[in-house]
Amino acid sequence: MVLKAFFPTCCASADSGLLVGRWVPEQNSAVVLAVVHFPFIPIQVKELLAQVQQASGVGVAVLGTWCHRRQEPEESLGHFLEGLGAIFSHEPWLQLCRERGSKFWSCKATHRQVPTSPSAPGEDQVMLIFYDQRKVLLSQLHPPTALPDHQAGDATASTRGLAAVFDTVARSEALFRSDRFDEGLVRLSHWQSEGVEASILVELAKQASGPVCLLMAYLLSLISAASTCRVFKLWPLSFICSKLSTCEQLRHRLEQLTFIFSTQKAENASQLMRKANMLVSVLLDVALGLTLLSWLHGKDRIGQLADALVPVADWVAEELQHLLQWLMGAPAGLKMNRALDQVLGRFFLYHIHLWISYIHLMSPFIERILWHMGLSACLGLTVALSILSDIIALLTFHIYCFYVYGARLYCLKICGLSSLWRLFRGKKWNVLRQRVDSCSYDLDQLFIGTLLFTILVFLLPTTALYYLVFTLLRLLVVTVQGLIHLLVDLVNSLPLYALGLRLCRPYRLSAGVKFQVLEHEAGRPLRLLMQINPLPYNRVVHTYRLPSCGCHPKHSWGSLCRKLFFGELIYPWRQRGDKQD
């Protein structure tokens, strides 16, 4: 039977002593965590292991002996190490030895109990696997993605074995707090045995993080309580807040800050990684917002934007007037219904006249409004982009009104034509059962239906042309707003901290391991080097992607085309409910 012994590379040059680690019987593996050096008192070693086991919950025990023959020429050391098996009883008992002046190792796993069958060997074959203890301790193993059925079983078994190794090293951090400079009675060799890594700045940040989190949590609770006031739930305010992207982004930012400055300790590594990703995302967002703020307030750029805004609005209104005048004639040589064409054209021209008057009425206050809105960039670039999206929505509100008028008129005619078409076939729409049923009509109903159907058919091209033009303008505005929201969602949801770890410390995010053969000779134990495979970037983004505000509904292409064909209102103001006739 082959026994797998995971040995830390940092202990390869350690002095002789005892092997301390965990035995995993399900995988027939021994995970060596540290080496206890001479001199020691056995009862003190047992007390240390009991303390580590109580603190970490890992069954740490003495697995065997380690002999490094570099300064011990006498052979009495080997007999002494073999005698330690009577004090620290463990089955099987490992005996690892590194020859002096040679690269060869000797590994044995003996059983002190009498074999149950005469053919059972007293020793197991040992496969020695070296691993970097620091990387394994800091790494987080991720399960593999979906595999074919013929590979799923093997992958699950190997994943469980690797997870046991990673979990053992991660939970045994209490064993690594002591180094060879401590004045304890037990000296250990492990990855941190040359001195515990520390930083004054990190320790000061840890001490200051507690009061800062308490203060910020209190302030955020006050803001959250103020935002849930009944005044904001009244109809006009609640409706406006539900339609503005800025309110949605501010609500999302409040949730982010509440989660970051929460006084509750992270329960697992995934929650800690989520908090770190959210913190880095907020810091980057605020830094980009402050950069935008400094750019806007430098060289009077806000005044330049305010001076350019009114001429741009006038130019858009003039172009719309030219477009309507073109539609009121013979657009592209099409024969339109002149009466309906003139009514619709004058109706939309009147709205454009009202819009131009509104813009010129607000022109003296635009610079001050933009100046105060520019200050909101200190809350983050996403807040500034959300305000920009709302400004675009307000400046193009007349286009939205044109689209709604055209869509309603077109949808009314489509619904009328579909109902009259069912009348010709002797059918009707059953509202209660939501289905088409048979129905008998008299002669007067058929005559009136034919008359109305003819009128709607001849008026449909004029209505459809206006609906098509204003729908294209509406889609243009929606596309611009969609790109802005896409950028906001990218900043909100991109796991920047995890991507930074993947770039600078690839071993922190592990997708698995690979093995490199170090020695494979007859009569010698197989020696392998375990190396960590980093998680691919696409899996990093998929695994640690943060939730976005999701302020607008998302439609599929099929649903969007269906809504456009039947004249239903699209994104973002209203969604069509059940089918109506």
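Let me sum up the structure you'll find in this document. (Residues numbered from 1 in each chain as written. Predicted model: local features only at pLDDT ≥ 70, side-chain atom pairs only at ≥ 80, totals over all residues. Heavy atoms only, no water.)

Before going further, it helps to examine the pairing of strand β4 (residues 60-68). Counted residue by residue, β4 has eight buried out of nine residues, so it is predominantly covered. Sheet topology note: the strand β2 (residues 17-24)/β4 ladder contains six bridges and is antiparallel. What sits directly across from L19, in β4, is G64. Relative to strand β5 (residues 93-98), β4 is paired through five bridges, and the arrangement is parallel. Within β5, the position partnered with G64 by the bridge is L94. (Buried < 20%, exposed > 50% of the residue type's maximum accessible area, 1.4 Å probe, protein only. Helix = DSSP H or I, 4+ residues; strand = E, 2+ residues; numbered from the N terminus. Pairing = 2+ DSSP bridges.)

This brings us to unusual backbone geometry. Positioned with a positive phi, N28 is a non-glycine residue whose angle comes to about 50°. Here N28 is to be found in the loop between β2 and β3 (29-37). Even without a glycine there, the phi angle at Q434 is positive, about 55°. Mapped onto the elements, Q434 comes out in the loop between β10 (427-430) and β11 (435-438).

Another point: the environment of V32. Assignment of secondary structure puts V32 in strand β3. Owing to a relative accessible area of 0%, V32 belongs among the buried residues under this scheme. Distance in space between the C-alpha atoms of V32 and G64 is 9.5 Å, their sequence separation being 32 residues. With near-sequence residues (within four places) excluded, V32 lies in contact with F6, F7, P8, L19, V20, G21, L63, Y131 and Q133. (Contact = heavy atoms within 4.5 Å.)

Attention now goes to the state of the cysteines. Evaluated as defined, the whole model comprises zero disulfides. The thiol of C67 is not disulfide-bonded; the next cysteine sulfur, from C97, is found 3.9 Å away. Taking relative accessible area as the criterion, C67 reaches 6% and is therefore assigned buried. (Disulfide = S-S within 2.5 Å.)

Now for the environment of C10. Along the polypeptide, C10 turns up in the loop between β1 (2-8) and β2. Judged by its relative accessible area of 31%, C10 falls in the partly exposed class. Sequence spacing of C10 and S189 is 179 residues, and the spatial spacing of their C-alpha atoms is 7.9 Å. When residues no more than four places from it in sequence are discounted, the contact partners of C10 are Q133, H190 and W191.

Here we take up the packing of aromatic side chains. To describe a pair of aromatic rings, you give the distance between the ring centres and the angle between the ring planes. Taken as a whole, this structure holds 15 aromatic pairs when the rule is applied. Centre to centre, the rings of W355 and Y358 are 5.3 Å apart; their planes meet at 40°, and the pair counts as tilted. Here the residue W355 and the residue Y358 both occupy positions in helix α10 (residues 338-362), the gap between them amounting to three residues, near one helical turn. By the ring-pair criterion, three or more aromatic residues cluster together here, those being F347, F348, F402, Y405, Y466 and F470. A cation sits over an aromatic face here: R274 above F259, 4.8 Å from the ring centre. (Phe/Tyr/Trp six-rings, centres within 6.5 Å; stacked < 30°, edge-to-face > 60°. Lys NZ or Arg CZ within 6 Å of the ring centre and 35° of its normal.)

Keep in mind that these numbers describe shape and distance, not what the molecule does.
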